[in-house]
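The residues making up each chain are set out below.
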Amino acid sequence: MSDTPFGFGLPPEEPENGDEGKKKDPAGGGQGSGGNPFGANPFGFGGLPGMGGPGGADNPFAAMFGSLNPGDLGAAFQQLGQMLSYEGGPVNWDMAKQIARQVVAQGTADGVKDASVGPAEKSAVEEAVRLADLWLDEVTSLPSGANTAVAWSRAEWVEATLPAWQQLVDPVAERVGSAMGDVLPEEMQAMAGPLIGMMRSMGGAMFGQQIGQAVGALAGEVVGSTDVGLPLGPAGRAALLPLNIEAFGKDLGVPSDEVRLYLALREAAHQRLFAHVPWLRAHLFGAVEGYARGIKVDTSKLEEAVGQLDPTHPEQLQEALQQGMFQPQDTPEQKAALARLETALALVEGWVDAVVHEAAKSRLTSADALRETLRRRRASGGPAEQTFATLIGLELRPRRLRDAARLWASLTDARGVDGRDGLWEHPDMLPTATDLDDPDGFVHREHLDFSELDKMLGEAAKGENPEDGDGEK
């Protein structure tokens, strides 16, 4: 799967951990390598089926139409018709769903196919989530946030999470896609109306292709509905994927029931946070939208390519595409939104890490090993980080997770469970990125108590005497 979102590279940033966590282009064409910062294919088709073989890079429809043997032609033209007739938003989500389901049906690289969840697996998940909630009651003041516990197949995960992906991806796709229609001068746009409409339809299909591939691949690896630190599933529904949990724990040497229970603790902890911190979801998704608004697309290369294109040599357009047409500008708006999102995600993941460890350490003999395994999975560029970077151009920096977990643990020691969880009452009370660099300074700093302020304001309001004739306080 391509590491570049919709054909543009990630904004440049200084590595926080040396070269760790930075993905390299094995072909030497990745960012920082001196090669093309957009990879071999700027629209991200490099990782799609049919694009890796000989001639694949010259045929962007190979991913969709396969080898184009006679038996596939009917389906190929039908799909082409769907592409050209699409009149929706910036992403063809019907196509994304179709592609994701196809990827799931193909199975993972190890040959494991998706399967319906049986009654025994459903019962095991329900019991694990129930027990996890009982353990969490002792280590957090936030009550249970899961009304139900469900066991999903991979296909069910795709169906349940697509609405959240749409909310995340549409703002970025809209911003990038609008540049495709802004290339032509105004006087030509009216004349080229049908062509522009076709370009938008094709753009929506391209985005749908990549997102479908990414979500379908992620469905083969995630173990629950909160692996990316965001609430992807329906509210109040704790979900686990038994098939993927089995694959996750296969070579760990840990009893399967302990693996399931530890992952249920993480899922249930996420559910508590998003259920009882009402501003948190909007804060996270709003940061993604803010990042999208800050994207500035330099279309000079595209304008130049269109102006110099010789219709008798269509390969010139392919060459221009491979050189990279969209160059994002690292704007102050992007930097601010990126900092908000990375810090908030790190605080969410760090809090979950801390409370789950506290709940599991005296009950599960493998708690420490499972904790470290999950941390390394994220730090090595696990499915959550890779998909997040591919779809919307943002990466969760792994080092922040450990820093945030240490800070939340220190807060528990210094202020107790209530004092720690009380910081979620208002976004202004939470630690900042600077505080993650100096957790001890934040823990021992005098902090505002918003509950006391509200109490004082309430008493002042009660002190007003509405029966005074002139209304004086």
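Residues numbered from 1 in each chain as written. Predicted model: local features only at pLDDT ≥ 70, side-chain atom pairs only at ≥ 80, totals over all residues. Heavy atoms only, no water.

Undergrad: Explain the overall build of the protein chain residue by residue, including any values.
TA: Within the protein chain one finds 19 helices and four strands. Per-residue burial over the protein chain gives 48% buried out of 473 residues. Summarising the internal contacts of the protein chain: among those between residues at least 6 apart in sequence, 79% fall at separations of at least 24. Carbon and sulfur atoms provide 53% of the accessible area of the protein chain, an area that totals close to 22,500 Å². (Helix = DSSP H or I, 4+ residues; strand = E, 2+ residues; numbered from the N terminus. Buried < 20%, exposed > 50% of the residue type's maximum accessible area, 1.4 Å probe, protein only. Contact = heavy atoms within 4.5 Å. Areas by Shrake-Rupley, 256 points an atom, 1.4 Å probe, with all protein chains shown as cover.)

Undergrad: So what about the packing of helix 9 (residues 256-276) against helix 14 (residues 367-379)? Which residues, and what values?
TA: Closest axis-to-axis distance for the helix 9/helix 14 pair is 11 Å, and the angle between their directions is 60°. For the element pair helix 9 / helix 14, the angle class is oblique. Classified by chirality, the crossing of helix 14 by helix 9 is right-handed. On helix 14, the residues that touch Glu258, Val259, Tyr262, Leu263 and Arg266 of helix 9 are Ala367, Leu370, Arg371 and Leu374. Partitioned by chemical class, the residues of the contact of helix 9 with helix 14 number six nonpolar, no polar and three charged. (Axes fitted to C-alpha atoms, helices over the stretch in contact; angles between N-to-C directions. Parallel < 35°, antiparallel > 145°, perpendicular 65-115°, else oblique. Left-handed = near helix turned anticlockwise from the far one by under 90°. Nonpolar A, V, L, I, M, F, W, Y, C, P; charged D, E, K, R; others polar.)

Undergrad: Which residues make up the side chain of Arg375, and what values do they have?
TA: Along the chain, Arg375 falls in helix 14. Polar side-chain contacts of Arg375 include one of 3.0 Å to the side chain of Asp353. The contacts of Arg375, once residues within four sequence positions are left out, are Asp353, Leu401, Arg402 and Ala405. (Polar contact = N/O pair within 3.5 Å; in protein donor to acceptor, adjacent residues only side chain to side chain.)

Undergrad: Outline the packing of aromatic side chains, supporting the account with residue identities and numerical values.
TA: Tallied over the full model, the rule gives two aromatic pairs. Ring centres of Trp408 and Trp424 lie 5.3 Å apart, and the angle between their planes is 15°; this geometry places the pair in the stacked category. With Trp408 in helix 16 (residues 398-421) and Trp424 in the loop between helix 16 and helix 17 (433-437), this residue pair connects regions lying 16 residues apart in the sequence. Assigned by exposure class, Trp408 and Trp424 land together as buried. (Phe/Tyr/Trp six-rings, centres within 6.5 Å; stacked < 30°, edge-to-face > 60°.)

Undergrad: Lay out the nonpolar core with the relevant residues and their values.
TA: Residues Trp157, Trp165, Leu280, Leu284, Trp351, Trp408 and Trp424 are the most contacted members of the largest nonpolar core, which totals 90 residues. With 13 residues, helix 13 (residues 332-360) is the largest single contributor of residues to this core. Aside from chain neighbours lying at most four places away, what touches Trp408 is Leu347, Gly350, Trp351, Ala354, Arg420, Leu423, Trp424, Leu430 and Pro431. (Core = buried A, V, L, I, M, F, W, Y, C linked by side-chain atoms within 4.5 Å.)

Undergrad: How would you summarise the environment of Ala414 if you had to cite specific residues and measurements?
TA: Looking at where Ala414 falls in the secondary structure, it is placed in helix 16. For Ala414, a relative accessible area of 44% translates into the label partly exposed. Counting along the chain gives 26 residues from Ala414 to Asp440, while the straight-line C-alpha distance between them is 10.0 Å.

Undergrad: Can you break down helix 10 (residues 280-293) residue by residue, with the values?
TA: Here helix 10 is 14 residues long and its end C-alpha atoms lie 20 Å apart, about the 20 Å a rise of 1.5 Å per residue gives. Those residues of helix 10 not exposed but buried are Leu280, Leu284, Phe285, Ala287, Val288, Gly290, Tyr291 and Ala292. (Expected span 1.5 Å × (residues − 1).)

Undergrad: Lay out the environment of Gln98 in plain terms, naming residues and giving numbers.
TA: The residue Gln98 is located in helix 3 (residues 93-106) in this model. Taking relative accessible area as the criterion, Gln98 reaches 31% and is therefore assigned partly exposed. Separated by 115 residues in sequence, Gln98 and Gln213 have C-alpha atoms that sit 9.6 Å apart.

Undergrad: Report on the confidence of the model for the protein chain, specifying residues and quantitative values.
TA: When pLDDT is averaged across the protein chain, the result is 74; 58% of the residues are at 70 or more. With pLDDT under 50 throughout, residues 1-67 is counted as low confidence; its partners more than four residues away or in other chains account for 140 contacts. Taken as a whole, residues 320-327 scores under 50 in pLDDT and shows 34 contacts with residues more than four places along the chain or in a different chain. (pLDDT = per-residue confidence, 0-100.)

Undergrad: Just give me the short version of the packing of helix 9 against helix 13, but keep the residues and values in it.
TA: Interaxial distance between helix 9 and helix 13 falls to 9 Å at its minimum, and their mutual angle equals 130°. Judged on the interaxial angle alone, helix 13 and helix 9 are oblique. The chirality of how helix 9 crosses helix 13 is right-handed. Contact with helix 9, carried on its side by Tyr262, Leu265, Arg266, Ala269, His270, Leu273 and Phe274, involves Val348, Glu349, Trp351, Val352, Asp353, Val355, Val356, Ala359 and Ala360 of helix 13 and no other residues of that element.

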